[in-house]
Amino acid sequence: MSLPAAGGAGPDELIFSVNGRKIVEKNADPEQMLLSYLRKRLRLTGTKYGCGGGGCGACTVMISTYEPASKNIKHYSANACLLPICSLHGVAVTTVEGVGCTKTRIHPVQERLAKCHGSQCGFCTPGMVMSMYTLLRNHPEPSMEQIAAALAGNLCRCTGYRPILDGCKTFCKEPFCCQSKENGNCCLDQEDKLKGEKFSTKLFSADEFQPLDPTQEFIFPPELMTMAENQPKRTLVFQGERTTWISPASLKELLELKAKYPKAPLVVGNTSVGPEMKFKGVHHPVIISPARILDLNVVRYTDNGLSLGAACSLAVVKDALANTVSELPGEKTKIFRALLHQLKTLGGQQIRNISSLGGNIMSRKSTSDLNPILAVGNCTLNLASREGTRWISLSDIFANGVGNNTLMPEEVLVSVHIPHSRKGEFVSAFRQAQRRENALPIANAGMRVLFAEGTDIITDFGIFYGGIGSTTVCAKHTCQALIGRHWNEQMLDEACRLVLKEVSLPGSAPGGKVEYRRTLIVSFLFKFYLQVLQSLNRMDPHLYPDISEKYGSVLQDFQPKMPQSEQIYQQEVNPEQLPRDPVGRPIMHQGGIKHATGEAVYCDDIRAVDEELFLAVITSSRAHAKIVSIDTSEALKAPGVFDIITARDVPATNEFYYYSDPEIIFAKDKVICVGQIVCGVVADSDVHAKQAAAKVKIEYEDLEPVILTVEEAIKHNSFFEPQRRLEQGNVDEAFETVDQILEGEIHIGGQEHFYMETQCALVVPKGEDKEMDVYVSTQHPALTQVGFMNDGRIMAADAKYYINGGCTPDDSVLVAEVVLLKMDNAYKIPNLRCCSHACKTNLPSNTAFRGFGFPQSGLITESWITAIAAKSGLSAEKVREINMYKETEQICYIQELDPENLVRCWNECMEKSEYYSRKTAVEEFNKQNYWKKKGIAIIPMKFPFGLLTRFLTQAAALVHIYMDGSVLLTHGGIEMGQGIHTKMIQVASRELKIPMSSIHFCETSTTTVPNACASVASAGTDVNGMAVKDACQTLLKRLEPIISKNPKGTWNDWVKEAFEQSINLSATGYFRGYEANMDWEKGEGHPFTYFIFGAACSEVEIDCLTGDHKNIRTDIVIDIGCSINPAVDIGQIEGAFVQGIGLYTMEELKYSPEGVLYTRGPDQYKIPAICDIPEQFSVSLLSSSQNPYAIYSSKGIGEAGLFLGCSVFFAIWDAVAAVRKERGLTGTFTLNSPLTPERIRMACADQFTELILVLAHSVGSDTRLQAPISRREFTEADATHCPHCSKSLKPAGKSQKARRGCGQSTCEKH
Ligand SMILES: Cc1cc2nc3c(=O)[nH]c(=O)nc-3n(C[C@H](O)[C@H](O)[C@H](O)COP(=O)(O)OP(=O)(O)OC[C@H]3O[C@@H](n4cnc5c(N)ncnc54)[C@H](O)[C@@H]3O)c2cc1C
Ligand code: FES
Ligand code: FES
């Protein structure tokens, strides 16, 4: 292939700058992204590699460009993982290292994020710093709204965002209080209320922050300015190993190139081409970059609209539209406003900064948020090729689906014209995504109608949908059929029927959610109908009917609001505590500053060693299959390949044991899940290893059965042993005497850990005695029968739990045990029988998540409590109160429980949340609003602490005192961001009575502390704290004689003297662990050490037409004893709570029928972002709580907060119940977790969901619709099905119930 070379010479030099340093790259590779260049080439590892696809924000950097004509310097944030280095010629890159570092000075952004406790694991922190830093470069005193927008593209898995926002808000000019005088309750009033009491709401002191001084920032490198001004613009060519990058300087050259290489993509933002190359293995030998061509960057305001160059970024488009909207009369800007509506939530700020308008249009993706509006708005495209230019209507490119030939391969999109809207014309945009911000839409729509002047007679109508077919689709026939009709209900009714017939969505449509997406098609249409009706009424109230506020409120989208928060803790545990004693104080995370400067070294950041090799694994594509052959011949020939390792190369032990069943390292003869490791390619770079891995060919022969679900596991009797049961009282007898029995089934989805840090391991052979240094980053459903009295007392419960354990046991059996031991949550159930089973399936092995089964069993318990309340006519909080533990008594496995603090938390939460008055307000709101509903719920929590056996809670520590008085501390706990090292330094500081600054922590290693137990079950601080205390006390005892001889001496004097007296200044500390036991045969034991109590009240609002919801307010009261570090502990509670919001309302794992996980990475799997945290969020630590069992009377707090996230789930349930009641659906119902927009919408049954069902039946149904919600309801016991085969059962009489094994109805066969 002949390629244009610059002036006939070889490839060009790529010149740009990083943190002020000029970079000249002679061999720029078009396939290399900035992220890997920074991390590998420049060894700037502060910029983190999270997802690699633009979805997480961990790799955020600031890009600065200089425009010589206007002398304009622009700064914008961008995802380094998507930026090809070749696109950076002439630009300045700033990374977290360039913003500030501990060696010179740290920047105020870094300081404030760290000191406001905005980092836990710290992996997201550099990205957060860079997003905020870029905002400050453009707006030194940003508004709250700007901050929320700047951070919307950055995910954090640990903190729950509150402390990050706290740090960022300190730059705002606006006061950072809630400013809400609603209900007379502002956060500052609260602080006043607390004055004089021994409480504090302050976790940091803003007084000590350095001011932001914009004059201290990097300037744009003058050399790059001179280069931009003096160098004539010419074509640039960069040549890589496999790809050539050509960046023409003029449109003419671009058209020549496109004619020569018609298949070459035009890459601007690379946000569409990049992920395809990276994740789908698409290879382009030639890439053309049109970004520098002026014609493609114009923004031109014309008499009849706005013309935008195809290479304009979406951020530029947004600004241009916003400017026009602010200047022109509203009548002309309806299309512009509809586009702005979509642009507000399209991607994150970083994506909008780099992705282009042309790229969004020309990719013709079904998920484009812009194309439905541009198409419906009659926008036109200016296309150019060597043959000339032409204008076409944008809607033409979707006429017959994505493969139509309206566009020729050699054509280039130059610009887009967006016309003004006309008088009598209405345009709207709709979208619904899994998450409100930074998520591709599930479905979207653009709608436009034009009326004959002065009437409501339709003269032109347009409807385009996204997310429905393979590209944007048009409801052309529907619209044509409605021309001439009046805008009234008859028209709407017909429009819904026609559109559902025209816009077909078969049951097997990719993306699933078919029933939901069909419902959205008509729900959006209904919203448009209401919107237009409202506008017509405003134009002429006499002629057109008003839509009452009750129906109209659904037209207001949930507006993003900067969350306001409050944290209340007891200020001083002990009035005699010395000021230098750090225990009980909100001390900053010891890694905080290093996180914020990017200096913290994660496993993947460790410097490459000489002759380093990389391993890429090849995993099974089958769920259950025999391996027939592995062909490595092609892969072995690939560049850089060193070797390929299979099971044959591991002759000794190709397996390891976690429990009784072995885990296989390399699959030998067969595979038991998709994703199981079969072999690994070793190569000289990660890129070569991955390229070669793609060439390994594995032949399989499928095996039966393939078990993927719990139902299939039950059918095949596929379980891990042992299966556990627990019994108390006499359930059968109780069922004979109760007033009512409820039966039901609840499904709870799994949850990804989704840690932001990528998994990797580094092994460094040391050369002697085979020594090696190994660096690693380590660490469902139920069937229930409940008998209760009409007064709400629960007399008996019979529950069966099934957990999808995956293909190996891992922790699943233990999780199943914990599910049983914690299933009572806060309630006394006099007669109880429950059993749990870990199902063995052909999914990748599942393991424990924060809470170890309690968040799941607790949710099930709270679900049947809610169902009982509905059935008995009592409020849910009454049923909770009636059944709550109230006095010291034995829980079902005979362990004693004192629930005093449970009741205190409940009462305080009731009071702090003003539950009853807000409940009344919610009911009032629901009366006033038909399509929007609010819900409120308060949930109690008893979280037992412990690991069921003693040896798992043993811990050790090692403390050295050096002759200069400094102390080195290490212990067996793993720092995952939970602040364990900070707390251990606090413990050592208190014990040795020296400042924290004299104590250095040395990273956990098996060379210093052997046999360390896992840092799990919230026990890290408890057990390691005891060990650190023990070591310090040993040392202090040795020093005591010296101190008593010289009490006025300093620490250094005593240490020096001790050394001179040959006293050992090194000590180990040890903690044996907590006594614990459980006899499963007898169902008795003392498995837990103590209990953490809490209560959370949450309020939400739902949109009944789309299933969207907003978290309005959450109040948490939690008993964590005497906190060692309130900032760290509150951070844990908030972070866990937000993960709970994820578990119960958002995070959804979807598998293909073949067992392939669809939901991989942040594009598919949505964890909460800033837009998901409650607008008002308060956490109070229960005062005056003591815990004799743990260090300094504290309590282990890592996990408990997650369960409290279910208060949001039940608040949504409450809102859905209000909807169903209003629609006359009076039966009890069950909602499965997570409560996604899809589930919420489908539970809000109405005429539209009904229409979908009717139409599906009338067309003989190729739609595999889900069972309507009523079939999955919690029902009375006499209407049930066999869980093994779904055969319906005859009404069960009381005697029949008594025969059931574990409380479960089955058919005769099962
Ligand atoms: C994390 C993430 C989140 C996103 N969220 C959303 C979202 O919520 N809503 C949404 O609508 N989109 C979303 N997107 C998609 C994004 O908006 C598009 O990928 C982007 O607009 C494409 O522009 P680009 O410049 O990056 O295209 P590139 O990847 O550079 O190019 C894309 C394609 O367009 C063609 N092309 C580009 N310019 C021209 C031209 N002038 N003439 C002819 N062909 C051209 C190229 O040949 C190429 O095939 C998201 C993307 C990411 C990565
Ligand atoms: S690593 Fe770039 S956005 Fe996730
Ligand atoms: S601190 Fe944000 S991901 Fe861990």
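Everything numeric here is computed off the predicted structure, so don't read it as measured data.

Definitions and cut-offs
Residues numbered from 1 in each chain as written. Chains lettered and ligands numbered in written order. Predicted model: local features only at pLDDT ≥ 70, side-chain atom pairs only at ≥ 80, totals over all residues. Heavy atoms only, no water. Helix = DSSP H or I, 4+ residues; strand = E, 2+ residues; numbered from the N terminus. Rg over C-alpha atoms; globule rule 2.2 N^0.38 Å. Buried < 20%, exposed > 50% of the residue type's maximum accessible area, 1.4 Å probe, protein only. Areas by Shrake-Rupley, 256 points an atom, 1.4 Å probe, with all protein chains shown as cover. Lys, Arg positive; Asp, Glu negative; His and termini not counted. Charge placed at Lys NZ, Arg CZ, Asp CG, Glu CD. Expected span 1.5 Å × (residues − 1). Pairing = 2+ DSSP bridges. Axes fitted to C-alpha atoms, helices over the stretch in contact; angles between N-to-C directions. Contact = heavy atoms within 4.5 Å. Polar contact = N/O pair within 3.5 Å; in protein donor to acceptor, adjacent residues only side chain to side chain. Core = buried A, V, L, I, M, F, W, Y, C linked by side-chain atoms within 4.5 Å. Phe/Tyr/Trp six-rings, centres within 6.5 Å; stacked < 30°, edge-to-face > 60°. Lys NZ or Arg CZ within 6 Å of the ring centre and 35° of its normal. Disulfide = S-S within 2.5 Å. pLDDT = per-residue confidence, 0-100. Salt bridge = Lys/Arg side-chain N within 4 Å of Asp/Glu carboxyl O.

Caption draft 1: Geometry of the overall build of the chain. Broken down by element type, the chain carries 39 helices and 47 strands. Its C-alpha atoms give the chain a radius of gyration of 32 Å, within 12% of the compact-globule value 34 Å for 1310 residues. Along the three orthogonal principal directions, the C-alpha set of the chain runs to about 90 × 80 × 70 Å. Within the chain, buried positions represent 59% of all 1310 residues. Carbon and sulfur atoms provide 52% of the accessible area of the chain, an area that totals close to 52,900 Å². For the chain, the separation between the mean place of its 133 positive charges and that of its 149 negative charges on side chains is 2 Å.

Caption draft 2: Looking closely at helix α26 (residues 854–872). If you check α26, its first and last C-alpha atoms are 26 Å apart, about what 19 residues at 1.5 Å a residue would give, namely 27 Å. The buried fraction of α26 is high, at 17 of 19 residues. The positive-phi residue at the C-terminal boundary of α26 is G873, with phi of around 80 degrees.

Caption draft 3: Layout of the sheet that holds strand β39 (residues 967–971). Across the sheet, four strands lie side by side as β40-β39-β38-β41; this open sheet has mixed pairing. In the strand order of this sheet, the two ends are held by β40 (999–1001) and β41 (1066–1071), each with one partner. Across the sheet, the mean angle separating the axes of adjacent strands is 20 degrees when strand polarity is ignored. Here β39 pairs with β40 via three bridges, running parallel. From the neighbouring strand, L968 faces β40, where its bridge partner is H1000. Sheet contacts for helix α31 (residues 1020–1045): β38 (955–961), β39 and β41; angle to β41, the most-contacted strand, approximately 140 degrees.

Caption draft 4: Inspection of the side chain of D581 at higher detail. Considering the arrangement of structural elements, one finds D581 in the loop between β19 (564–570) and α20 (592–597). A polar contact is formed between the side chain of D581 and the backbone nitrogen of V583, at a distance of 3.0 Å.

Caption draft 5: Looking closely at the nonpolar core. Grouped together as the largest cluster of nonpolar side chains are 246 residues, with contacts concentrated most on Y465, W487, W864 and I1118. It is helix α18 (residues 514–539) that contributes the most residues to this core, 14 residues altogether. Once residues within four sequence positions are removed from consideration, Y465 is found in contact with P372, N444, A445, M447, T471, T472, V473, V499, V503, I521, F524 and L525.

Caption draft 6: Fine view of the packing of aromatic side chains. The final tally for this structure, using the stated rule, is 33 aromatic pairs. Arranged with centres 5.8 Å apart and planes meeting at 20 degrees, the rings of F204 and F209 form a pair that is stacked. Centroid distance Y893 to F1088: 6.0 Å. Interplanar angle 65 degrees. Geometry classified as edge-to-face. With a gap of 195 residues between them, Y893 in the loop between β35 (889–890) and β36 (896–897) and F1088 in the loop between β43 (1084–1086) and β44 (1090–1103) connect regions that are remote in the sequence. What makes Y893 buried here is its relative accessible area of 1%. The class of F1088 is buried, set by a relative accessible area of 0%. Linked through ring pairs, F426, F451, F461, W487, F526, F528, Y529, Y551, Y930, W931 and F1248 together constitute an aromatic cluster. The positively charged end of R990 is found above the aromatic ring belonging to Y1192, 4.6 Å away from the centroid.

Caption draft 7: Main features of the state of the cysteines. Enumeration according to the criterion identifies zero disulfides in this entry. A disulfide-free cysteine, C679 has its sulfur positioned 15 Å from the sulfur of C673, the nearest such atom.

Caption draft 8: Local environment of the confidence of the model for the chain. Model confidence for the chain is summarised by a mean pLDDT of 90, while 92% of its residues fall at 70 or above. Contacts of residues 779–783 to residues separated by more than four positions or lying in other chains number 31 contacts, the stretch itself having pLDDT below 50. When the criterion is pLDDT under 50, residues 1260–1310 qualifies, and its contacts beyond four places in sequence or with other chains add up to 110 contacts.

Caption draft 9: Region of the structure containing the environment of L346. Secondary-structure assignment places L346 in the loop between α12 (334–343) and α13 (349–354). Overall, the relative accessible area of 8% leaves L346 in the buried class. Residues contacting L346, with those up to four places away along its chain left out, are L314, R352, N360, D369 and L370.

Caption draft 10: Spatial organisation of the pattern of salt bridges. Tallying each qualifying case throughout the model produces 60 salt bridges. In this structure, the salt-bridge partner of E276 is K365, at a minimum N-O distance of 3.7 Å. Of the two residues, E276 sits in helix α10 (residues 273–280) while K365 sits in the loop between α14 (357–362) and α15 (371–376), which places them 89 residues apart along the sequence. Classification of K365 as partly exposed rests on a relative accessible area of 33%. Between R990 and D581 there is a salt bridge, and its shortest N-O distance comes to 2.7 Å. Taking the relative accessible area as the measure of exposure, D581 reaches 13% and is therefore buried. The network of salt bridges with common partners includes E914, R918, K934, E1099, R1113 and D1115.

Caption draft 11: Representation of the sheet that holds strand β46 (residues 1176–1181). The sheet built from six strands is open, its strands ordered β6-β19-β46-β45-β44-β37 with mixed pairing. The open sheet has two edge strands, β6 (199–200) and β37 (932–945), and neither has a second partner. Bridge count for β44 against strand β45 (residues 1109–1119) is 10 bridges, and the pairing is antiparallel. Considered in β45, the bridge of E1101 is made with K1110. Sheet contacts for helix α36 (residues 1206–1222): β37, β44 and β45; angle to β37, the most-contacted strand, approximately 145 degrees.

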